[in-house]
Amino acid sequence: MSQPIYDRVALIGLGLIASSMFWAIKRAGLAKEVTGYARSQATRDTARQIGLCDRICDSAAEAAEGADLVVLCVPVGVMGAVAQEIAPVLKPGATISDVGSVKRHVIDAVTPFVPEGVHFIPAHPLAGTEHSGPESGFAELYDNRWCLLVPVEGSDRAAVEKLRALWEGIGANVEEMDADHHDLVLAVTSHAPHLIAYTMVGVADDLRRVTDSEVIKYSAAGFRDFTRIAASDPTMWRDVFLSNKDATLEILGRFTEELFALQRAIRTGDGDHLFDYFTRTRAIRRGIIEAGQDTDAPDFGRGKAKS
Ligand SMILES: NC(=O)c1ccc[n+]([C@@H]2O[C@H](COP(=O)([O-])OP(=O)(O)OC[C@H]3O[C@@H](n4cnc5c(N)ncnc54)[C@H](O)[C@@H]3O)[C@@H](O)[C@H]2O)c1
Ligand SMILES: O=C(O)C(=O)C[C@]1(C(=O)O)C=C[C@@H](O)C=C1
């Protein structure tokens, strides 16, 4: 057990990310009290039943009042509205943070409501699953995963370091990044891949009408991975795409160009193009495994990839 970093932490929105934060904060003893609030009565009831948070409140303002750290764990599209709701009760010197998958939009939406004397430090843990809701969280979610802090101009360094200590205390490796750069990187590594998975599963579903249940019956491992990603929360991902429009469209444009080139290589029988392309992409995968970034990958061959 560590020393508490904050006396009181408030988690607004009690889904996968908040519930995992709660269990990890408790595991390490990083806060004296954690309060929580979710919009629906059903979620609050479930949270109480499973012992999520020390105190479940019936409004966001009640949960945030007197907190030293308030973390917005709601979909990106409602961050601004929730910040507006809690702004009047935030205590001077408190930190307000978020976990949204997009940063520029959240900064623009929340900043107007941050009271004088309150520190706003956006964050994004690069960890998740396809599950959502209060029962989906687990203490180990952030272990050895990145959490990116995106301090805004003039952020108080002591407040940033305190938030860094919290994320490190719950298992994450922390780095700082500029908001626009974050949104471009995540468009490549997370947002576009999710859209591609949604599309692939949608195509297979259309095809299913022709082949009956064969798509499901014979679904290969690659396709099953797509279906896992495509099972992610629709509200969360709708908001991600609508709020990271430019970067996602830029990456999808490049994706479409490369897809056309591969399509052409198949049509014209250009095996060299296909072979060179797949050799390049294989090296990327091996690089990720060698860097220890894929904790799900089997151990065999790790660090011993042949060319
Ligand atoms: N799931 C992931 O893989 C992942 C990873 C990193 C970051 N994120 C980000 O974390 C945030 C939360 O995602 P999650 O996966 O925990 O979602 P989730 O669907 O599991 O939980 C979201 C919670 O927010 C509540 N909520 C929605 N609107 C609200 C409102 N107006 N006021 C109060 N509560 C409200 C919902 O009832 C729910 O309890 C999102 O911004 C998402 O972009 C998600
Ligand atoms: O592992 C998964 O299921 C995820 O999709 C997690 C994932 C990702 O794309 O890596 C999803 C959204 C985030 O904002 C961060 C992490």
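Residues numbered from 1 in each chain as written. Chains lettered and ligands numbered in written order. Predicted model: local features only at pLDDT ≥ 70, side-chain atom pairs only at ≥ 80, totals over all residues. Heavy atoms only, no water.

Under the annotation held in an unreviewed UniProt entry, the protein chain carries the name prephenate dehydrogenase and is attributed to Phaeobacter gallaeciensis. Taken directly from UniProt, the Catalytic activity (unreviewed entry) text for the protein chain runs: "prephenate + NAD(+) = 3-(4-hydroxyphenyl)pyruvate + CO2 + NADH". (UniProt positions renumbered as here; feature names shortened; annotations may be inferred.)

(A) Just the site of ligand 2, in detail. Around ligand 2, the neighbouring residues are S101, H124, A127, G128, T129, E130, S190, H194, R228, M236 and W237. Contact distances for ligand 2 include 2.6 Å between an oxygen atom and a side-chain N or O atom of S190. Coverage of ligand 2 by the protein chains reaches 79% of its 370 Å² of free accessible surface. Among the secondary structure elements, those contributing two or more residues to the shell around ligand 2 are helix 7 (179-211) and helix 10 (234-243). (Near = heavy atom within 4 Å. Polar contact = N/O pair within 3.5 Å; in protein donor to acceptor, adjacent residues only side chain to side chain. Areas by Shrake-Rupley, 256 points an atom, 1.4 Å probe, with all protein chains shown as cover. Helix = DSSP H or I, 4+ residues; strand = E, 2+ residues; numbered from the N terminus.)

(B) Representation of the nonpolar core. Of all hydrophobic cores here, the largest spans 39 residues; its most connected members are L11, L14, M21, Y142 and W167. Elements that contribute at least two residues to this core include exactly strand 1 (6-12), helix 1 (16-28), strand 2 (31-37), strand 4 (69-72), strand 6 (119-125), strand 7 (146-149) and helix 6 (157-169). Those residues within four positions of M21 in sequence are excluded, and the remaining contacts are L11, V71, C73, V99, Y142, L166, W167 and I170. Among the nonpolar cores identified, the runner-up in size contains 29 residues, and L72, I96, V106 and W237 belong to it. (Core = buried A, V, L, I, M, F, W, Y, C linked by side-chain atoms within 4.5 Å. Buried < 20%, exposed > 50% of the residue type's maximum accessible area, 1.4 Å probe, protein only. Contact = heavy atoms within 4.5 Å.)

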